Amino acid sequence: MNDWRIYRGAGLPHDGILRLPPPPPWRDFAAAGPDGDGGPEPDAAPQTGGTDRPGETSTAEAAADAAGPAGAGAATAAEADPSAARRLGVRRRLVEHHHPRPEEVEAVNAALYLRRPLIVTGNPGTGKSTLAHAVAYELGLGRVLRWPIVSRTTLQDGLYRYDAIGRLQDVQLERAASGGEATTPRPIGSYVRLGPLGTALLPASRPRVLLVDELDKSDLDLPNDLLNALEEGEFTIPELERVADREPTAEVLTDDGRRVEVTSGRVRCTTFPFIVLTSNGERDFPPALLRRCIQLELAPPGEEQLAAMVTAHLGADAVTAGEDLIARFLSRDPGSVIAADQLLNALYLTQHTPQAERVTRDRLAEILMQPLDRPR
């Protein structure tokens, strides 16, 4: 194929991820094993795509064997992820109507080729979060891991949580139940749960998709705290490291509810995840973070994007019936901020109030489509 794109933005599941070439040498996380010996991570599935080393099984074949028929993972991704089903409107096949601009497709593919995070900036409602779900659906990358950021979020929240209090309570309850006699404690891994970022960095044959939503809501430290994890693709869990001589392998819970084994308290990716960092443009990020990311600024949706969005969520008839509201949205003051979901709200409500007078319909639309940056 002459098409260099892995993600095409066509909205149709395909096995293009198998054509992903090897990463640049400085982003090849599968090149070194846990001791830096150049071997693969224990029990890790092979890196997908690219030229195989002599004597090795084809990585594309191995990935295909693991994934089943081409596109099978993509076909079930939305069913397994209620968030994706809601955002992508699977019932109305939004992803098949999704029309990303060429620069969006190119930025996504640059991030895939270079194994770099994609930082997406834009006004609310421009489809920043939806982009992550669209990529996961089209490339069959499974459930999107979502890490919503608030002002109190720390790097630890994204990597893992250790329930020390729960462990202490269990010891006390078991001791009380046994009449004070010594009991065998539960494995320490039972009290560790990986966060969204920690889960995304687990060894895998295909990249997981991680959505870090609204990074600009974080405190000043988080963007800098992320640097090492994004650069090295690994992290350690000190609580597991301390007991590695007694429990060299610990079974922990992932963010999406699976049980996985962690060896010697270290999590190291073999395939760098596809990470989307979203921002509403409310703050500047440090150059050290920006240089590690592919940057994309999303413009407000145009007529084609709006029509596709409305068709997916409300049906084709809503586009015709709401032409006036769509035109009003497109003709708004360029300096004002109005989210696309405000238009969807207005169309939905007016669609379900056909008996209302025209003046009432217009008034409802005015209430629902007020600029978000209007002074109060």
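Residues numbered from 1 in each chain as written. Predicted model: local features only at pLDDT ≥ 70, side-chain atom pairs only at ≥ 80, totals over all residues. Heavy atoms only, no water.

1. Things to note about the sheet that holds strand S2 (residues 145-148)
Strand order in the open sheet formed by five strands is S2-S5-S10-S1-S11, and the pairing between neighbours is parallel. Across the chains shown, the open sheet's two edge strands, defined by having one partner strand only, are S2 and strand S11 (294-297). Going across the sheet, the axis of each strand differs from the next one's by a mean of 20°, ignoring polarity. Direction of pairing for strand S5 (residues 209-213) relative to strand S10 (residues 274-279): parallel, over a ladder of four bridges. The partner of Leu 211 across the bridge, within S10, is Val 276. On top of the sheet, helix H5 (residues 102-114) reaches strand S1 (118-121), S10 and S11; it is set at about 165° to S11, its chief contact. (Pairing = 2+ DSSP bridges. Helix = DSSP H or I, 4+ residues; strand = E, 2+ residues; numbered from the N terminus. Axes fitted to C-alpha atoms, helices over the stretch in contact; angles between N-to-C directions. Contact = heavy atoms within 4.5 Å.)

2. A few points about the confidence of the model for the protein
Of all residues in the protein, 77% attain a pLDDT of 70 or more, and the chain-wide mean is 80. The low-confidence segment residues 34-79 (pLDDT under 50) makes 73 contacts with residues lying over four places distant or belonging to another chain. (pLDDT = per-residue confidence, 0-100.)

3. Some remarks on the pattern of salt bridges
Evaluation of the coordinates by the stated rule reveals 13 salt bridges. Between Glu 234 and Arg 266 there is a salt bridge whose closest N-O contact spans 3.8 Å. Of this pair, Glu 234 sits in strand S6 (residues 234-236) while Arg 266 is found in strand S9 (residues 266-268), placing the two residues 32 residues apart along the sequence. With relative accessibility at 31%, the residue Arg 266 sits in the partly exposed group. Three or more residues joined by partner-sharing salt bridges are found here, namely Arg 116, Glu 231 and Arg 292. (Salt bridge = Lys/Arg side-chain N within 4 Å of Asp/Glu carboxyl O. Buried < 20%, exposed > 50% of the residue type's maximum accessible area, 1.4 Å probe, protein only.)

4. Observations regarding unusual backbone geometry
At Arg 115, a residue that is not glycine, the phi angle is positive and equals roughly 55°. One can find Arg 115 in the loop between H5 and S1.

5. Concerning the packing of aromatic side chains
The geometry of an aromatic ring pair is captured by the separation of the ring centres together with the interplanar angle, meaning the angle of the planes. This structure, assessed with the given rule, holds two aromatic pairs. Relative to Phe 272, the ring of Phe 29 has its centre 5.4 Å away and its plane inclined at 20°; by these criteria the two rings are stacked. Linking Phe 29 in the segment before helix H1 (59-67) with Phe 272 in the loop between S9 and S10, this pair joins segments that are 243 residues apart in sequence. You'll find Phe 29 and Phe 272 in the same group, each marked buried. The ring of Phe 272 is capped by Arg 27, whose NZ or CZ atom sits 4.6 Å from the centre of that ring. (Phe/Tyr/Trp six-rings, centres within 6.5 Å; stacked < 30°, edge-to-face > 60°. Lys NZ or Arg CZ within 6 Å of the ring centre and 35° of its normal.)

6. Regarding the environment of His 133
Positionally, His 133 belongs in helix H6 (residues 128-139). Take His 133: its relative accessible area is 2%, and that puts it in the buried class. Between the C-alpha atom of His 133 and that of Leu 210, which follows or precedes it by 77 residues, the distance is 9.4 Å.

7. Description of the packing of helix H14 (residues 303-314) against helix H16 (residues 323-330)
At their nearest, the axes of H14 and H16 sit 11 Å apart, and the two run at 140° to each other. Taken together, the axes of H14 and H16 are oblique relative to one another. Relative to H16, H14 is oriented so that their crossing is right-handed. Residues Glu 303, Leu 306 and Val 310 of H14 form the contact with H16, whose own contacting residues are Ile 326, Phe 329 and Leu 330. (Parallel < 35°, antiparallel > 145°, perpendicular 65-115°, else oblique. Left-handed = near helix turned anticlockwise from the far one by under 90°.)

8. Concerning the pairing of S1
Both faces of the sheet carry side chains from a regular strand, because those side chains alternate between them. As judged from the four bridges shared by S1 and S10, these two strands associate in the parallel manner. Counted as the bridge partner of Val 120 is Thr 278 from S10. Pairing of S1 with S11 involves four bridges; the strand directions are parallel. Bridged to Thr 121 within S11 is Glu 297.

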